[in-house]
Amino acid sequence: MGRDREDVTEFLGQVPLLQCLPGSSIRRIAEVVQVRSYEPGDYVAREGEPVDGLYIILDGQAEVSAPANTEEANRPDYVLNKYDYFGYGSNSSVHQVTVVALSKLTCFILPNQYAHLLQPKTIWNPEETPKHSLLEQILHLEPLEVDIFRGFTLPEAPTFRHVFGGQFIGQALAAASKTVDCLKMVHSLHAVFLVAGDIDIPIIYQVHRARDGSNFATRKVEAKQKGLVLFTLIASFQKEEVGFEHQAAIMPDVPPPEQLLNLEELRERRLTDDPRFPPQYRSLAANKKFTPWPIEIRLCEDSASQHKPSLNYWFRARGKLSDDQALHRCVVAYASDLLYSPVSRHPHLAKSLEIHVLSLNHSIWFHKPVNADEWLLYVIESPSAHGGRGFVTGRMFNRQGELIMSLTQEALIRREKPRGRNPRPKL
């Protein structure tokens, strides 16, 4: 077609209609689109003629005329500009309007034979397969219209009585990712938890386009239920570029994941072999419904029993994820809230206190590409707790010792108040 494939992909990634598609679908569309040019006054499409594909304006302007049978007073002619499109979404096989070039006009055309590329099974993969992980299903959003998505809390998803904080982070980042071109990847995000979410109600994610530049894009996302904002996230995206590199952080020397038990295996061992738990408790716990997390976790040490403000563990997504870097970053963002802020209460567990922990804010910096279905080491420390707030930092390494992500979180950390028969009013 005479144009650089990556340039075409980047352009198509700026078209709002296409941004919610899997990255692989956009790259495939870039391979098959055709280019057509028109002179001022040329007819691009005529009312009543067959629709031969989706037209996307690359350069120039075109005018859309209302159908001929429309009353003169109600003929809303309007102008199409770069990134605008027509020929898609019509229930008819013929054009319902006439489109005329107002200037020199260049269009990309996706022929009808490739229309299936516009209707993927999920936002992450054009073809739905049984091998998809539960986490990929959790992070699938339903596009309602441009910049508005709907997410759900699946019955198999972790909830902790309310919507899991990692679900808010992962789904909000997914929504933001589906409003930028697929060549830009998130490099930082900053989230604030406002109100607990109801697991029985869908979550609406509204994306605000704060900035679109040639190399960077910024998005703000609000998560809502019943019109109330529960959670906000600001994410910055960057097009990959070559630059200076160094790494001072060193991955701790810990046992490899193959030598460790996962949480489910540890639970089973405690229920059957641990003498610290009485038989009655073990029987009760064994009969209680237990749903494994969609993230497999293998603790490197039982730091909670040592009352250290730190924790190291290996983790990876269960199942095979689609090959989409945006998805993998959403997955690790989701996982980053597991066993994170509770580390700030470890030094206080010796006091035999019931401690309540609630996330307040969460920040992540993505340094390098990540494979979330391969083992990653999460190194967590809590350098401070004061004023009812615990502070934790985190670093994630891949098995090669590369620092993939850096994280921080602040959480409310309070002693649980005993519940009496006649509780005092809150005010």
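For the structure itself, look to the data block above.
Residues numbered from 1 in each chain as written. Predicted model: local features only at pLDDT ≥ 70, side-chain atom pairs only at ≥ 80, totals over all residues. Heavy atoms only, no water.

**Q** So what exactly am I meant to see when it comes to the pairing of strand β8 (residues 105-111) here?
**A** Successive residues of a regular strand alternate their side chains across the two faces of the sheet. Taken across its seven residues, β8 has seven buried, putting it largely inside the fold. Burial along β8 is two-sided: Leu105, Cys107, Ile109 and Pro111 facing one way and Thr106, Phe108 and Leu110 facing the other are all buried. Bridge count between strand β3 (residues 53-59) and β8: six bridges; the pairing is antiparallel. Bridging from a neighbouring strand, Gly53 pairs with Pro111 of β8. (Buried < 20%, exposed > 50% of the residue type's maximum accessible area, 1.4 Å probe, protein only. Helix = DSSP H or I, 4+ residues; strand = E, 2+ residues; numbered from the N terminus. Pairing = 2+ DSSP bridges.)

**Q** What is the right way to look at helix α9 (residues 325-335) in this model?
**A** Because an α-helix completes one turn every 3.6 residues, residues spaced three or four positions apart along the sequence face the same direction. Counting buried positions over the eleven residues of α9 gives ten, a clear majority of the element. Within the span of α9, buried status applies to Ala326, Leu327, His328, Arg329, Cys330, Val331, Val332, Ala333, Tyr334 and Ala335. Where α9 begins, the side chain of Asp324 points an oxygen toward the backbone nitrogen of Ala326, at a separation of 3.0 Å. (Polar contact = N/O pair within 3.5 Å; in protein donor to acceptor, adjacent residues only side chain to side chain.)

**Q** Please clarify how the pattern of salt bridges should be interpreted in this entry.
**A** Side-chain pairs of opposite charge can arise whenever the charged atoms involved come near each other. Applying the stated criterion across every chain yields a total of 18 salt bridges. A salt bridge links Asp181 to Lys184; its shortest N-O distance comes to 2.7 Å. Of the two residues, Asp181 and Lys184, both sit in the buried class. Residues joined by salt bridges that share partners form a network here, namely Arg5, Arg28 and Glu31. (Salt bridge = Lys/Arg side-chain N within 4 Å of Asp/Glu carboxyl O.)

**Q** I would appreciate a short explanation of the nonpolar core in the present structure.
**A** As a rule of thumb, nonpolar side chains are buried together in soluble globular proteins. Membership of the largest hydrophobic core comes to 64 residues, with the highest contact counts inside it found for Leu173, Tyr205, Phe231, Leu233, Ile295, Phe315 and Val331. Element by element, the count of residues in this core is highest for α9, at eight residues. Here this core spans two domains, since at least three of its residues come from each of domain 2 (137-238) and domain 3 (257-415). One finds Leu12, Ala30, Leu54 and Cys182 within the second-largest nonpolar core, a separate group that totals 21 residues. (Core = buried A, V, L, I, M, F, W, Y, C linked by side-chain atoms within 4.5 Å. Domains from an automatic or database assignment.)

**Q** Whenever I open this one, the sheet that holds strand β6 (residues 85-86) confuses me. Can you help?
**A** Two modes of strand pairing occur in sheets, parallel and antiparallel, and in both the strands are linked by backbone hydrogen bonds. One open sheet accounts for four strands, arranged β1-β8-β3-β6; its pairing is antiparallel. In this open sheet, the two strands that pair with only one neighbour each are β1 (34-38) and β6. Both β3 and β6 contribute to a ladder of two bridges, which runs antiparallel. Its bridge partner lying in β6, Tyr55 is registered against Phe86. Taken strand by strand, helix α1 (residues 5-12) contacts β3 and β8, and its axis lies near 100° from that of β3. (Contact = heavy atoms within 4.5 Å. Axes fitted to C-alpha atoms, helices over the stretch in contact; angles between N-to-C directions.)

**Q** Hey, could you run me through unusual backbone geometry in this one?
**A** In terms of backbone geometry, most residues other than glycine have negative phi values and most peptide bonds are trans. In the Ramachandran plot, Phe160 falls in the positive-phi region, its phi being about 55° despite a non-glycine side chain. Residue position: Phe160 is located in the loop between β10 (148-151) and α5 (165-177). The backbone of Lys226 shows a phi angle near 55°, a positive value even though the residue is not glycine. Relative to the elements of secondary structure, Lys226 occurs in the loop between β13 (216-225) and β14 (228-239).

**Q** Explain the packing of α1 against helix α3 (residues 23-32) here, please?
**A** Two packed helices can be described by the angle between their axes and the distance between those axes. Where α1 meets α3, the axes come as close as 9 Å, and the angle between the chain directions of the two elements is 120°. When the interaxial angle is binned, α1 and α3 end up oblique. Helix-helix and strand crossings are classified by hand; for α1 and α3 the assignment is right-handed. Contacts between α1 and α3 pair Arg5, Val8, Thr9 and Leu12 from the former with Ile26, Arg27, Ile29, Ala30 and Glu31 from the latter. For the contact of α1 with α3, the class distribution of residues is five nonpolar, one polar and three charged. (Parallel < 35°, antiparallel > 145°, perpendicular 65-115°, else oblique. Left-handed = near helix turned anticlockwise from the far one by under 90°. Nonpolar A, V, L, I, M, F, W, Y, C, P; charged D, E, K, R; others polar.)

**Q** Before we go on, may I ask you to explain the packing of α5 against α9 in this structure?
**A** The geometry of α5 relative to α9 is characterised by a closest axis approach of 7 Å and an angle of 160° between their N-to-C directions. Here α5 is positioned roughly antiparallel relative to α9, judged by the angle of their axes. For the element pair α5 and α9, the recorded crossing hand is right-handed. Packed against α5, whose contacting residues are Gly166, Gln167, Ile169, Gly170, Leu173, Ala174 and Ser177, the element α9 presents Ala326, Arg329, Cys330, Ala333 and Tyr334 at the interface.

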